Structure formats: structure tokens, C-alpha cells
Amino acid sequence: MSHPSPPHQPTQIVFGMPTPAEVVAGTALELRSQPVPPPGWTPPWTREEDEEEEEELELPTEPMTVNMGPSHPAMHGTVRIVLTVEGETVRAADVQVGYLHRCFEKEAEAATWTQIFPYTDRLNYVSPLLNNVGYALAVEKLLGITDRIPERAQYIRVIVGEMSRITDHLTCLGASAAEVGALTVFFWMIKAREWLWELIEELTGARLTNSYVRIGGVAADLTPDFAPRLRDLIRRVRQTLGEVESLLVKNRIFRDRMDGVACFSPQEAVAWGWTGPCLRSTGVPYDVRKDHPYLVYDRFDFDVPVGSRGDNYDRFAVRMEEMRQSMRILEQAIEQIPPGPVQIDDPRISLPPKREVYNTIEGMINHFKLIVDGIKVPAGEVYSYTEGGNGELGFYIVSDGTGRPYKCRVRPPSFILMQSLHKLIVGGGIADVIPTFGMINMIGGECDR
Amino acid sequence: MLEFLIEHTWLQALIKMALLILAFVMPLASLSTWAERRQSAMMQDRLGPNRAELRLGSIELRLWGILHFVADALKMVFKEDVVPARANRFLFGLAPILAIAPVIITFAIIPFGSDLCVGHAFEVLRDPASMCTSTIPLQVARIDQGFLFYFALASLAVYGTTLAGWASYNKWSLLGGLRASSQMMSYEVTMGLSLMGAFLIYGTLEPHAMVLAQGPTPSSWGIVTQPLAFFIFLTAAIAETKRAPFDLPEGEPEIIGYFVEYSGMRFGIFFLAEFVETIFLAAVVTTVFLGGWQVPWLYPDGFHLMGWTLELPHLAVVLIQLVVWSLKIIVLCWLQLLIRWTLPRFRPDQLMRLGWKQLLPASLINIVVTAGVVLARSGGR
């Protein structure tokens, strides 16, 4: 008996973009990763009998190299992508970051622990308060005072942090919508962001560079009418999100632009170190707030939205839902927030009240030493991580026991995400680069530091 | 004077062209640059441009910011005209002209009112056929080829954008030019085919005859007899104007566009051409689908509706028709602005799929069905 020959299996060769059906079936990447033609197969356009005709038919094409950025309308935050394109198809991409390098880590070594707060504002400049909180938590961890932070301060940190997360996502989604042509959505979202920033401005004194959080607490207590205004704000932002969804979610053009574009598998995402909404879009439910709760996040009831396909639409939808969850957290926080001080009661860490500074010699010396020498942080090293707007925002700090850090290193989420951008855009069209890049949400200040 | 005009039709045509372009199209195009910014601002909860004002002594003329287009035009004219170092200067200069000239010329075939009956301006036209011996058509060129002339000239407009992209010596603008040429050529096919059904029904290619064939009863207008063609043509024609959601050749955040190297008034001409095309599209849709200058139930001698009659002198009838024609065009321009600020942009492959796989078959089906109905109604003769 002869060995049965294997049934003939024509290898499927797929060109063009994945269809939603392929993406759902999970075959999109496989089909497009390496199309292997069966032996003896020739592309239809070369099956010409006459040699001369064939030469005429082949158009002489060669790949073109174009610079997308550093000065390009969609490259917000100054990044350069050197694209090798064949017609409209991207064949190779070289992502170059670093145009916004500001020596954050080196400058931090010359500043006192408290003076670094303004620098952290400029990391992810659409959610500065999240950076403030992340940095403060790192220093407090090294000081060993994490448990002694007053509860009210912790709640305030959660509130301003979640408000910043909403502004971050609003900016990201609005800008991405504008880049695929839906400019109206952009303005609606920026309008909502403006409401949030107005309230933040009232609280912190600044729209963007807040520097509101301090080591051991926050700079000032909530304004008297903060709670009712926040509730009203949440209602209006919810309404705006509903309007935005009505324009985009059922819009055929928008869905076609986003569905099944730039898919990433959960395995790849984890291997490339993705975190945040982008990781969750692939289906991995990792959220620092849930998995390693900090502050008072374990007291709130909120869900971690995850996607299923890891495409641009999932990244959009995950961010959309995260804003709703943030608003849920805000509502619970504003209900639960206890009265009390907002600064740790420790003269080695928090500044004395101004009345004492101006009227007593002890107060003045205390103030002087804290301002000039800085808070003395015991020697050691610590890595502290929080959920930033784009993912895990980590601070690795080393202290030699003085008032200034020996080393202050940031783990910026978007820098890690940018590593794999080329994998997402190669094979797609030039037009897909823009929404993909927008959904990665690279923030120059954070990525290049 | 009038007799001289009636005899010398070339002079008549020149005057009508000048009046149509300078008194209607250009002001409306300029106004729509303002309207676009203002309307988008309203849709986006912004104020939009509202500051430009004219100060004559103590009188401040603000007019909701309408004067912004004057300020814009002045800015464009006085800006430095930059030509890239290695650009082809001749083609670079030619491209904006090629972009705007065909559209303006094609306005010649658009009828904007019924024929003026010389000598009977203030009488009621009870019997137009015998009373009107000498007429002035309110249409620049009444040529039998009509819409063929339009298709021929419209296909020239693609050279403007393609040459602009190619002559600028910039890879992004080259990509934009290529996108423009593929897009405009693909959608021209659909555009032509979608009008075929209307040609079959009206039995003519001549716009004025088409308007007459539709008559003053709205139920016999093109939008009722050819609803599918109306939507196909509107879509394809918006693609021809290269405005969102079909603004791929510009594709501002993606490839910046075919006119990325243009500045000053040269850019201004591209900008204006876009709006002139918008108005032209509105004019064609009005002519073919919305009864042109026809006003519902307004006949040459006045209104007739359900036994109720209101007699009007000839001049009043023509004036009402002119106003209604303008209103139809303005509403269609407004509709285009609304679409432009609502929908996101297509991707090139999706655009081609929509054009060749959906709109083109739909327009072919429309032709076949219309032809069948026309044949059946004519009794197979």
C-alpha cells in the first residue's frame, strides 16, 4: 500500500489590507506575514506568452523614500518617520525619536526633589497631574511615608489624576479623529477638555503646567464648590462623549479607516513591552490601578475595558470606555472623600505654614532648609509605577541621602510603544500611518524627555 | 441697443458670461470661503471669523465677519510668491490656471433663467409661442452638445492638480497629484454614467431643454424620476471637487497635498477653484435634478395651482425664477459644507473600491432600468 499523498492544499495568497472578518478569525496576521506561493505558481501579471509584451507591460517602478516629519502636520510632538513607499504602500519605515530631548534626567540631578515637579509637568503634557502623582509616589516610597499620606490628599490625587486621564484620552482621540478628517469631533472633544482644564486651573492655578502635587500631599485643598462643579462637568463630558460616538462609531468611513488596521497580537504586545490602553486593546487586561493598586484605587468600583483585535478601532474604543470608567471613579471619589489635612504632618517634608515662616525663627529656618537643601531622602533606590495616560509610567530614582536625586529615570510608556510602531505601519498605506501613529499617542515630551 | 444685442449674439454671450461670473459665481465663491469657516465654527461650538470690519469714520461695518474674505484676498495678493528652486516654473505657474479655467468656462452651458421676451417685459405672457418673436436666452451658450461639453472640459481640470503636484518638485505634492489624477479619472466615469438615465428621460443633452422638459411640476423633476442617479452623481461630483470626505489629494495630515509648495495668490486660486467647483456642482445638480430655474407651479404667465391662478408680468416671472435658481444653488452649497464638516476622509483603496465596485455598477443598473422604463413607456417604438 502506497503512502497516501497529502490532499492538495492551495496556499492562500492575500494582498491588501486585512478585512474585519479575517481579523476576527485571527488569520489576518498569518495571511499577511509571509505569503508563500505554491511551487510553480507565478503571479498572474507575469503569465504572458510573448516576452516582448511582458516587458512592455511591466512598469518601471522603484521605491521612493519620503520623510514624514520631523516637520509634518501629523507628527505632533516632532518625530521623524523615514518611509520607503511603493506607490501608496509602505514597504519600510524607520522611526526616529528624540527631537524633543530636553535632558529631563540630567536636569533632575541638579534640582531638589521638590523642584523636579515642574519638569514632570512637561513629560506627558496633556496629563501633567498624572506625572506629578507618579513622581511623588516614587519619592514617598523611598522616604517610606506612603502609608502616612493623609487620606484626603490621596483622594485629591486620584481625582486630579483621573481628570487628567480624561483630558489625555480626549486629546488623543480628538486629534486622531481630526487626522482622519473628522475635524468637528476634534473641536467637540477639545471643548470638553477645556471644561476640565478650567476646573483644574481653578484648583491648581495653571492649565497645563500644574505642579500641584507635593511630596507628602498636594499643594492646596479643593476649592469650596469643587464637588458640585465636578458633578456638573461629568454630566456634560458624558453628553459630549455620546455626541462624539454618534458621529464616529456607526460611521462607515471612520470604521473602515480604523477596523482591522494595524493589528497587534497580545503575545507581540507583551513581548514589546506595551502597556496602557494599547496593551488592553489587544485583550490583555493589565491595568496598574487594578493589578497593583496604589493610592486608594482599591476602594473604587471600576472596570478595565479590553479590546479583542488590537487594531486601531480597539485602541479607540478602549480609550473611549476608559474615560467613562474614569468618570465612574471620579463620582465615587467625590462621594467618599473625607475631610482632613492635605499635607503630611512632618516638618522634614512639608513646608511650614506661611504664618510661622514670617513670624517665628524656627519656621523660617525650617522653610529655608527645605527650599535650599531640599527634602532629605534616605540613600537607596526605588522603582515606582503608576498608570499614566498612555500606560505604565515608571520612575526609577536613586538617592545618595542628599536633597537632590542621584539619578531620576523615567519609564515613559509612549517611548516603549514607539519601538514597535514600524511593525504596525509597514505593509499598510501612507494614509494608515497617521491614525496608527495617532492611536499610539506618542507624546513628544514624554517619549524624548 | 436691444436690437443690436439680439443680432450680435457673441456680444450677448460675453456680457452674460461676465455678469454670471463676476456678479454671481465669484461673489458666491468668496462668500462660501467665509460661510465654510463660519458654518464649521457653528457646528464645532466655536465663533469662527467675526472680527473683520470696515471703518468709515465713525461707522463700523462688521456684518458678522463677512468682510473676512476681503481681508483674505488682500493677504493672498500681497504675500510673497515663492517658487521652489528646482520646480518647473512654467508648469508651476500654469497649474492654478488649469485648475480654475475649465470650471469657469463650463458655467457657459448652465441656464439661469427662462428666455427673456424682448418687448413684453411688463405684460402677462398668455401665449409665449406667438408673442415672443425675439428672445434673449438666459444662458451663455446654448449648444446641442451641452453636457458633453461639460464632461470634456471637466476632464481638463485634472491636469491642473496633477501638474501642480508634479511641477512642485516635492514628493508629497507628487503623491497628492497622483491621488488626484486617479481619483478624478475614476469618478468622472461614474459621473458621466449617472447622468445617462436623465439624458434618456429628457431626450436631450442640452441643459436648457432639460430644464424645460422637467417643467414647473416638482413631481417631474429629476430628483423624483432619477433618485438613485441623484445620489450617485452628488457623491461622484463631490469627489470631483476634491473636498472632504474625498479630500485625499489634499489629505492635509497625511500627504499635505498637491499644492503644498504654493503660496500667495497661486494657492489662493486653488482655494478659490475648489469653491467655484462646489458652486458649479450645485448648478449642475440644480439643472439636471432640481428643475433648474423652474419654480414650482410657476408658468410663463404666473402661478397655477389646483385651479388657483395668479397672473404675473413677464419680468416678475423671470426675476422669481432667477432668485429661486440662486436659492437652490445656495442650499446645495450649504449641503456640501455640511457634508464636508461631518464626514471623515476615505483611504485611497477604499475610495477606489467605492468608485469602481459600488457607484459604477449602481449607475449602470440605473441606466438599464431607466432605458427599460423609457422603452416600455414609448410603446417599444
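Computed from a prediction, not measured in an experiment: that's the story for all the values here.

A. Just the overall build of chain A, in detail. Summing up its helical and strand segments, chain A has 20 helices and 8 strands in all. Across chain A, the fraction of contacts at a sequence separation of at least 24, relative to all contacts at a separation of at least 6, is 69%. Approximately 19600 Å² of chain A is accessible, and the part contributed by carbon and sulfur atoms is 55%.

B. Looking closely at the packing of aromatic side chains. What the rule picks out here adds up to 31 aromatic pairs over all chains. Ring centres of A:Tyr297 and A:Phe300 lie 6.4 Å apart, and the angle between their planes is 80 degrees; this geometry places the pair in the edge-to-face category. Exposure remark for A:Tyr297: the relative accessible area of 3% places this residue in the buried category. On the basis of an interplanar angle of 75 degrees and a centroid distance of 5.1 Å, the ring pair of B:Phe107 and B:Phe280 is categorised as edge-to-face. Taken together, the residues span a long stretch of sequence, with B:Phe107 in the loop between helix 4 (89–106) and strand 3 (116–117) and B:Phe280 in helix 12 (residues 264–289) at a distance of 173 residues.

C. Broad picture of the nonpolar core. Ranked by size, the top nonpolar core spans 124 residues in total, and within it A:Ile81, A:Leu83, A:Met163 and A:Leu230 carry the most contacts. In contact with A:Met163, not counting residues within four places along its chain, are A:Leu196, A:Leu199, A:Ile200, A:Phe226, A:Leu230, A:Leu233 and A:Leu330. Listed in part, the 67 residues of the second largest apolar core include B:Leu195, B:Leu272, B:Phe275 and B:Cys333.

D. Quick peek at unusual backbone geometry. Positive phi, normally seen in glycine, also occurs at A:Ser211, with a value near 50 degrees. Relative to the helices and strands, A:Ser211 is located in the loop between helix 8 (183–204) and strand 4 (213–214). In this structure, B:Asp45 is a non-glycine residue whose phi angle is positive, near 60 degrees. Its place among the elements puts B:Asp45 in the loop between helix 2 (9–43) and strand 1 (54–56). The exposure class assigned to B:Asp45 is partly exposed, which follows from its relative accessible area of 48%.

E. Examining empty space enclosed by the protein more closely. Residues and elements named next belong to chain B. Taken as a whole and judged by the stated rule, the model has 4 cavities of 30 Å³ or more. What the largest cavity holds in volume is close to 170 Å³. Around the largest cavity sit 15 residues that line it, and Val103, Tyr150, Ala154, Glu277 and Phe280 are the ones nearest its centre. Taken together, the elements giving at least two residues each to the lining of the largest cavity come down to helix 4, helix 6 (147–154), helix 8 (171–202), helix 11 (227–241) and helix 12. When its residues are assigned to classes, the lining of the largest cavity shows 11 nonpolar, 2 polar and 2 charged. Taken as a whole, the second largest cavity spans an internal volume of roughly 60 Å³. Tallied by class, residues from the lining of the second largest cavity come to 4 nonpolar, 2 polar and 3 charged.

What counts and how
- Residue positions within a chain follow its written sequence, with the count starting from 1.
- Starting at A for chains and at 1 for ligands, labels are handed out in the order in which the entities are written.
- Selection of residues for local features in this predicted model requires a pLDDT of at least 70, selection of side-chain atom pairs for listing and counting requires 80 or more, and totals for whole chains, interfaces and linings are taken over all residues.
- Side-chain metrics in this entry use all non-hydrogen atoms of the structure; hydrogen atoms and water are not considered.
- Each helix corresponds to a stretch of at least 4 residues labelled H or I by DSSP, and each strand to a stretch of at least 2 residues labelled E; elements are numbered beginning at the N terminus.
- Pairs of residues are marked as contacts when any of their non-hydrogen atoms sit within 4.5 Å.
- Each accessible area value is a Shrake-Rupley result obtained with a 1.4 Å probe; residue values ignore everything except the protein chains displayed when judging cover.
- Pairing of aromatic rings covers Phe, Tyr and Trp, the last counted by its six-membered ring, and requires centre-to-centre distances within 6.5 Å; plane angles under 30 degrees mean stacked, over 60 mean edge-to-face, and any other angle means tilted.
- Only protein chains enter the area calculation, which uses a 1.4 Å probe; residues under 20% of their type maximum are buried, those over 50% are exposed, and those in between are partly exposed.
- To qualify as a nonpolar core, a set must consist of buried Ala, Val, Leu, Ile, Met, Phe, Trp, Tyr and Cys residues joined through side-chain atoms within 4.5 Å.
- The rule is simple: put a 1 Å grid over the protein atoms alone, call a set of points where a 1.4 Å probe fits but cannot get out a cavity, call an open set with protein on both sides within 12 Å along at least five of seven lines a pocket, and count a residue as lining if it has an atom within 4 Å of a point.
- Grid points are joined across faces, edges and corners, and a volume is the space filled by probe spheres set on the points.
- Three categories are distinguished: nonpolar for Ala, Val, Leu, Ile, Met, Phe, Trp, Tyr, Cys and Pro, charged for Asp, Glu, Lys and Arg, and polar for the others, with Gly belonging to the last.

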